[in-house]
Each structure stands twice: as structure tokens, then as C-alpha cells.
Amino acid sequence: MQMFRNTCPRNCYGTCSMLSYTENGKLIKVAGDPMHGFTQGHLCAKGYAYTQYVYNPLRLKYPMMQTKRGSGNWVRISWEEAYRIIAEKIIELYDRYGSNLASGYNKFSGNLGLLHYAVEGMFNSIGPHTKSFGNLCLATGEQAVKESFGNLHSPVPEEMAQSKMIFIWGANPAVTNIHQMKFIYKAKKNGGKLVVIDPIYTETASKADLYIQIKPGTDALLALGIAKCLLGLDQIEKTAAEWNGWKDYQQVLKRLNLATVAEKTGVSVETIQELAALYGEIKPVTTWNGLGIQRNKYGGVSIQAINSLAALSGNLHIANGGVYFTHSNYEDFPMNLLNFPEKKHASIKSSRMINCANFAMEAKNLQDPPLKLLWIASRSPLSQDMNINVWQELFKELELIVTVDLFMTNTAKHSDIVLPAASHFEEEDLNVGYWHHWLSINQKAIPSFYETKSDLMIARELTKKLNMLRPGFSTFPYELEPKDWIELELNEKVQALYGLKSYTSLVDGPKPRLANQKKNKHFSFIQVDDVKTMLHSLLLETKGEPSPYPFRLLSPQTLLKIHSQFALISWLNPKPDETVIEINNKVAESLGINDGEKVKIHNENGAIIAKACKNQHLPHGVVLVSQTGENSINQLIGSQLQKQEELSSTHFYDCFVSIKSLKHP
Ligand SMILES: Nc1nc2c(c(=O)[nH]1)N[C@H]1C(S)=C(S)[C@@H](COP(=O)(O)OP(=O)(O)OC[C@H]3O[C@@H](n4cnc5c(=O)[nH]c(N)nc54)[C@H](O)[C@@H]3O)O[C@H]1N2
Ligand SMILES: Nc1nc2c(c(=O)[nH]1)N[C@H]1C(S)=C(S)[C@@H](COP(=O)(O)OP(=O)(O)OC[C@H]3O[C@@H](n4cnc5c(=O)[nH]c(N)nc54)[C@H](O)[C@@H]3O)O[C@H]1N2
Ligand code: SF4
Ligand SMILES: [Mo]
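Cut-offs and rules
- Starting afresh in each chain, residues are numbered from 1 along the sequence in its written order.
- Starting at A for chains and at 1 for ligands, labels are handed out in the order in which the entities are written.
- Owing to the predicted nature of the model, reporting of local features is limited to residues with pLDDT of at least 70; listing and counting of side-chain atom pairs is limited to 80 or more, with chain, interface and lining totals taken over all residues.
- Side-chain measures here rest on the full set of heavy atoms in the structure, leaving out hydrogens and waters.
- UniProt positions are given in the numbering used here, feature names are shortened, and annotations may be inferred rather than shown by experiment.
- Strands here are runs of E lasting at least two residues and helices are runs of H or I lasting at least four, both read from the DSSP assignment and numbered beginning at the N terminus.
- Here a residue is considered near a molecule or strand provided that any single heavy atom belonging to it is located within 4 Å of it.
- Pairs of N or O atoms within 3.5 Å make up the polar contacts considered here, provided that, within protein, one atom can donate a hydrogen while the other can accept it, and that residues adjacent in sequence are counted only when both atoms are side-chain atoms.
- Only Asp, Glu, Lys and Arg are considered charged in this grouping, and only Ala, Val, Leu, Ile, Met, Phe, Trp, Tyr, Cys and Pro are considered nonpolar; every other residue, Gly among them, is considered polar.
- In short, DSSP must find at least two bridges between two strands for them to pair.
- Axis geometry follows a simple rule: fit a line to the C-alpha atoms, using only the stretch in contact for helices, then measure angles between N-to-C directions, giving values from 0 to 180 degrees.
- Domain boundaries shown here were taken from an automatic or database domain assignment.
- Buried surface area refers to the total accessible area, computed with a probe of radius 1.4 Å, that the two partners give up upon joining, counted for both partners together.
- By convention in these notes, a salt bridge is any Lys or Arg side-chain nitrogen within 4 Å of a carboxyl oxygen on Asp or Glu.
- Residue burial considers only the protein chains on display, and all accessible areas are found by Shrake-Rupley using a 1.4 Å probe.
- Throughout, exposure labels follow a simple rule: accessible area from a 1.4 Å probe, protein chains only, divided by the maximum for the residue type, with under 20% read as buried, over 50% as exposed, and the rest as partly exposed.
- Should any heavy atoms of two residues lie within 4.5 Å, those residues are counted as being in contact.

Visitor: Quick question: what am I supposed to make of the UniProt feature "domain: 4Fe-4S Mo/W bis-MGD-type" (unreviewed entry) in the protein chain here?
Guide: Within the UniProt annotation, "domain: 4Fe-4S Mo/W bis-MGD-type" (unreviewed entry) is assigned to residues 1–58. Counted over residues 1–58, helix gives 16% and strand 34%. Its end C-alpha atoms are 27 Å apart.

Visitor: Even after reading the chapter, I still don't get the site of ligand 2, so can you show me in this structure?
Guide: What surrounds ligand 2 is a group of 32 residues, the closest being Tyr 13, Asp 198, Gly 217, Asp 219 and Lys 561. The contact in question runs from an oxygen atom of ligand 2 to an N or O atom on the side chain of Tyr 653, over 3.3 Å. Partitioning the shell around ligand 2 into residue classes produces 15 nonpolar, twelve polar and five charged.

Visitor: Could you clarify how one ought to interpret the sheet that holds strand β20 (residues 551–554) in this entry?
Guide: By definition, the strands of a sheet pair up through backbone hydrogen bonds, in either a parallel or an antiparallel sense. Read around the barrel, six strands follow the order β20-β24-β21-β23-β22-β25 and close on themselves; strand pairing throughout is mixed. When strand polarity is set aside, the average angle formed by the axes of neighbouring strands in this sheet is 45 degrees.

Visitor: Quick question: what am I supposed to make of the sheet that holds strand β3 (residues 26–32) here?
Guide: Sheet architecture is open: three strands sit in the order β1-β2-β3, paired in antiparallel fashion. Among the strands making up the open sheet, the edge pair consists of β1 (2–7) and β3. This sheet shows a mean twist of 30 degrees between the axes of neighbouring strands, independent of strand direction. Summarising the sheet, strand β2 (residues 17–23) and β3 pair through six bridges and their orientation is antiparallel. Of the residues in β3, the one forming a bridge with Ser 20 is Val 30.

Visitor: Is there a simple way to explain the domain arrangement of the protein chain in this structure?
Guide: In terms of domain boundaries, the protein chain breaks down into domain 1 (64–131 + 343–512), domain 2 (139–324) and domain 3 (546–661). The gap between the C-alpha centroids of domain 1 and domain 2 is 38 Å. Summing the contributions of domain 1 and of domain 2, the shared interface buries around 520 Å²; its carbon and sulfur component is 62%. In this structure, the connection of domain 1 to domain 2 is made through zero salt bridges.

Visitor: It is not clear to me how the site of ligand 1 should be interpreted in this structure. Could you clarify?
Guide: Lining the immediate surroundings of ligand 1 are 31 residues, of which Ser 109, Asp 405, Asp 455, Ser 564 and Asn 634 lie closest. The contact in question runs from an oxygen atom of ligand 1 to an N or O atom on the backbone of Ser 380, over 2.9 Å. In isolation ligand 1 exposes 920 Å². Once the protein is present, 99% of that is buried. Tallied by class, residues from the shell around ligand 1 come to ten nonpolar, 16 polar and five charged. Counting only domains with at least three residues in the shell around ligand 1, you end up with domain 1 (64–131 + 343–512) and domain 3 (546–661).

Visitor: Could you clarify how one ought to interpret the pairing of strand β16 (residues 417–420) in this entry?
Guide: The two faces of a sheet get side chains in turn, since along a regular strand they alternate between them. Because side chains alternate across β16, one face comprises the buried residues Ile 417 and Leu 419, and the other comprises Val 418 and Pro 420, equally buried. Sheet analysis places strand β4 (residues 64–66) next to β16, joined by two bridges and oriented antiparallel. Within β16, the residue paired with Met 65 across the bridge is Ile 417. Across four bridges, the pairing between strand β15 (residues 400–405) and β16 is parallel. The residue bridging Val 404 from the neighbouring strand is Leu 419, located in β16.

Visitor: How do you make sense of helix α5 (residues 139–149) when you look at a structure like this?
Guide: Each α-helix turn comprises 3.6 residues. Residues three or four places apart therefore point the same way. In terms of residue burial, α5 counts as a mostly covered element, since eight of its eleven residues are buried. For α5, the full list of buried residues reads Ala 139, Thr 140, Gly 141, Glu 142, Ala 144, Val 145, Ser 148 and Phe 149. For α5, the elements touching its buried residues are α12 (299–312) and β12 (323–324). Once α5 finishes, Gly 150 follows within two positions and takes phi at roughly 85 degrees, a positive value.

Visitor: Just to check I follow, could you spell out the side chain of Asn 11 for this structure?
Guide: On the secondary structure map, Asn 11 appears in the loop between β1 and β2. The exposure class assigned to Asn 11 is buried, which follows from its relative accessible area of 10%. A polar contact is formed between the side chain of Asn 11 and the side chain of Tyr 434, at a distance of 2.8 Å. Setting aside its immediate chain neighbours within four residues, Asn 11 contacts Phe 108, Ser 109, Leu 112, Cys 137, Tyr 434 and Ile 562.

Set out below in C-alpha cells:
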């Protein structure tokens, strides 16, 4: 038996280092890595199920082509044939339009390993093209955190164990960040308290000392209300006046009406006062801005109001306090593949950038030249994006869609060519987390499953083909091996930061970042104008006509999937296609809906059928649906983005629906 070090590359707080055991080239077992200070030798259930994931009969084995897109009429083709068809198309489009702008890619979070930026490197190597930018997941929050602190930072999560009071606003770590729970339990064991603020009574809420069922989208108001009480009690940070926007913030708090806050948030004045007492009297308080609060139109304001509360209460710069969100340790790295220099073009200066939050809409409207070829990797927009119907329209305009994936996803099914991707056990990589501060390696533990290849290998071979057909077309250094790219990432600065001598130090175990991220002394309180706009908008909401779609649909992350991933792993998800909608008991009764019955969920974007499940803890106006690969709930999620400045956001939870029992036509 041989042992290797791998890293789970999923878009997950864990970025777990794992030990994989092989026998005769076969992966037989995976385990957590005890050398990893954050995960401490554990994985989640998805991690332990990787042996079924890797050898899953549903995994893509060969390159395939579909004669009529969407027909399901797939034929196996060779890699050579696939490269030839794709390369010829890229060159033909170049000749037709005089640039590569008609060719583009959309890539996101299927695999966050640093070598997976090969997709970006490959496209940069052919010169100006069309690319997606931004972040579907956390752009709103990132912007808000930067406005408060000037940079993106998040304390060392292991330190949460020493906190005396943990406030979680809109995160559900018992589901999304399971390793963090042990530090929370440790804090509780030491006498610390946990407060969870969430419209849904989650698994994490069930572990809390105090659970606040807030109305979705109103966290900013609650944070301002608590701050107002703190100001009244004079329990505030003495140096607050030195930070930006102090006077205006103080005015906002003074003018705020607590009764309005209570009405809009659904949290009583007494509870707001109690929360203020906790924030004011106990130190250190840890504040955690979850990613759930920023998936609505007030997400940015909410995070800034919460940051302001943490600052006002004097918990910003004290040990084991601070504000958690995500950090940007990956910026320590040169990211050679992501930053691969774009090939110069005589007349076109640079690439066209399309915000991934609005990709389909913008890509569809591109002119001169229109987008004609789309490369999709580490993504399933047809299950995970807003405006899926617009994606379907975009697909009609495209001449060639290539999807690189491990499974036949919703998106792959609507592509012309599907290329089978390697799993992380079949390739080498380097991984850095966005929550914990550890760096780890990913070794090649097993041979490729059938004909699968890594994104880097595909980039190398396709660019080679392009140059064979048209010498000098690509500048990609296809001779470099994965290890060469890893060594390039481990430059002197990174070696010093992580106390490494070379690549081999990581083979012995993951390494923590030695220097804590710089805490910026700079702080800006929430701006008055943002508060005014929010209040105005919240007021309008109550004045309008009653909506034909009375329920807010929340679709947060679930324990046994990562978005659309793992849906097909039967150890985890025996019923992959089943969509379940949770409805408050009383509401279900008033609609004549029984447990287990099929209902129609619909709105202006479409309709889907789901199985009803009563949940007595849900607020009356909220329904809960999980993300699935097939029959995606995102078919009902349309974009409300209007203004340019809002385009960085993804408002997945600003979705309203109506529910109908199928019994009564
Ligand atoms: N309704 C609703 N929608 C949401 C959200 C929500 O809360 N509610 N959350 C949003 C959030 S937070 C996120 S992060 C996005 C996620 O959006 P995506 O990143 O599109 O999500 P995944 O479903 O994880 O799809 C990733 C795909 O990459 C593939 N993949 C995995 N490894 C590799 C690899 O090495 N190479 C290649 N080429 N492919 C690979 C996987 O098999 C999978 O099909 O979804 C967003 N969508
Ligand atoms: N098991 C598992 N783990 C994952 C993922 C996964 O798909 N599955 N995905 C990973 C990714 S990409 C991400 S982005 C993270 C996200 O992980 P988290 O940061 O935990 O965020 P979410 O799961 O999106 O939402 C957390 C909570 O926010 C609540 N919420 C929704 N609206 C509001 C609101 O207006 N106010 C408040 N206070 N709460 C609100 C939801 O009810 C939900 O319980 O998880 C990562 N970890
Ligand atoms: S999905 Fe997340 S918690 Fe599970 S093994 Fe992967 S990184 Fe770790
Ligand atoms: Mo995400």
C-alpha cells in the first residue's frame, strides 16, 4: 500500500489536506491529514466518499461529441480529433474576425487548485479574447469588507476557540464549514457563548445559546439597532472618533427608530437591547459575516453595518476578537497561470471582460465580433447561475461549446464537445484555502481514469495543436510540467511566509502561514447614503401592491453536496433528482398541502415540481429548497441587476415564488 498527500480542491471552507492510500494503482481509502492544524485529521462525508466519486460509473471517460446539440446523441472521439476540431474553430474564428474576441471562456469554482488557472493561461496565450471575471459567490461581501477595512482579511479560525462570544451572521458552519465547529464547541466549553442570526433554524442555530430568527435581508438594520443601544449605554470603543465617517455614523444611529428596526427585522426591541448588552459587556466578541447574508440586495450594506458594530463595540483589534469573512492569502502567490501575460495583438489591445454574475446576458449582446466559441470549465452555469433561460438563449447563438468536466452535468449535456477532466487524485496541484491559513500539496496518487486529463494537460496539448496548425498562434509554454509550475509558485516570498525550503517540505505535511495577515488600523464606518437608500427601499417594499409571489425562496448550501457536485454520488445522495421544498406547517395547511405531496413552485421565470416537506421552524414568508444538479431551482432565479454598480453582486436569495398544490388544478 502506498500513501500520498492530496488536497480537496472544492470551493469549500475546508480545503482539507487528505491522505490517500493506493494499492496497485487503485485508490482504496482516503483519510484526513493529522498534520493539518485546522482539519486535524478529519474530512467531511464528501471527502470520505471520494473512492466512490473517482471510480463512479457515471464519470466521463472519453472525449465525446454530440451531433445535434442537446440530442443526447453522443459519439466517442479521440483527444486528437477533439483538439483538431477545437483548434480549427479557434483559428477559423480568428481569420473571420481578425482577433480571438469571438472565442471565450467561463470558469469558476469546480477546482480551486492553483494549477487550474491553466484555463486562463491558455486563453491569454492566444491574445485578446472574451473572459469572465468576478465571483458568483462572494463579490458583494468582498467589496463591503474592503470598504470597511481597506483590504480583505480574516483572522486565524483556530483562534475562535478562545473567544468569549461568537456572533454568526448568516453562516451555517455545521453544514458548510464542519471543521470550524470544533473550535466553536471549544469556546463554548470554556464558557463562551454562541449567537446565531439566521432566518432559518439551521443545524448551527440548534447549537446556539441564543438564536435570532431575523427577516431575510434586514441584518444591516439589526446591526444598526444594536449599535444604537451601545451608543446609548456609552459602551463604545474610545478611539472610534478617529475612524472614517464616525460623525455621520453617530448621526445615523441617533436618528434610527428602534421600533422601526424591530418591525422590519422581526426582532423585538428587548432582544435588540439584550444583544447590545452581549456585544458591549463581553470581550472578546468574534463577529462572523457569513456568505448567506450577502446574497440579497442589501448584502453589502449589511456587512458594512455589522463591521461597524464590531468596531464600535471595541472588538476589532483585540486578541481573539475581530471580524471573519474570507481572506486573500492566494494573493501572496505569483499565480503564474492566472497572470500569464496576454499575447500582444496588433490592433486589439486587450480582452473583453464579462462579469460572471451577468455572463449570459452580456455575452448574448456582444457585437463586433459576437461570441461564437465558449469554453466552460469548473462550472455548471445551467444549474448554478441566475437567468438560466438567458443562458439557453446564449447557447443558441454559439457555434461551438466545449465543456470540461468530470460528469455529464446539465451544462455538459447542452455542449457540442465534452472533455473528461481528471480528479484531483490523478493530477498534481498546490492548494491554498480562503478560510484557514494553511498551504498544502496535491500529489498524483493514481493513474488517469480511462482517458481523463487535467485542465493543465488539456491547455498544454491544445496550445501545441494550435501552433502546429498555425505556427506562433499561442505563447503557452507547453513543455513545462506540473511540478515546474508548482515550483514557480513557491518563490522566495512564499517560502519565507510558509517556512518552506522546497516542494518536498509540503510532501511531509501542510504548512501554516507564519506571518499573520496584516491587520489594517484603517477603518471606515458605514456610509449615511447607503443607509438612507436601504431605508427608503425597505419602506417602499411595504407600501407596494401585494406580490403574486408571496414566498421568499432561500436556497443555501447543503451538507452532502457542493452546489451541483456530489449529486450523483449515491453513498451521499441516493435520490439525486428529487427537489424538496420546505414550507412552514401552518402555511402548508392553509394551502392544503400535505407532507410528501408534489407541488408546483413558480414565478415569472418558470415553474418546477418539487416534493413538499413541512418545517415548523420556518418563517411563514420563507420557503427552503436545496441546490441540485438536475431540475435546478435556479430556473426560477432571475437577475434583478439593473445598474452597472450592482453587477458585482449575485442576488440568489432575492427570489420570490408562489406554491400550488397539484391536487387542485
Ligand atoms: N440557488 C443558488 N444558486 C447558487 C448559490 C446559492 O446559494 N443558491 N450559490 C452560489 C455559489 S456560493 C457558488 S460558489 C456557485 C458555484 O457554481 P459552480 O462553480 O458552477 O458550481 P459547481 O456546482 O460546484 O460546479 C462546478 C463544476 O466543476 C466540475 N469540476 C470539478 N473539478 C473540476 C476540474 O478539475 N476541472 C474541470 N474542468 N471541472 C471540474 C464539477 O464536476 C462541477 O460540474 O453557485 C452559486 N449558485
Ligand atoms: N456542505 C457544503 N459546504 C459548502 C458548500 C456546499 O455547497 N456544501 N459551498 C461552499 C461555498 S462555495 C460557500 S459560498 C459557502 C457558504 O457557506 P455559508 O457562509 O455558511 O453561507 P450559506 O450556506 O450561503 O448561507 C448561510 C446561512 O445564511 C442564511 N441567510 C440567508 N439569507 C440571510 C439573511 O438575509 N440574513 C441572515 N442573517 N442569514 C441569511 C441562510 O439561511 C443560511 O443558513 O459554503 C461552502 N461550503
Ligand atoms: S468538501 Fe470541504 S470539508 Fe469536505 S473534504 Fe472537501 S474541503 Fe474538506
Ligand atoms: Mo460559493
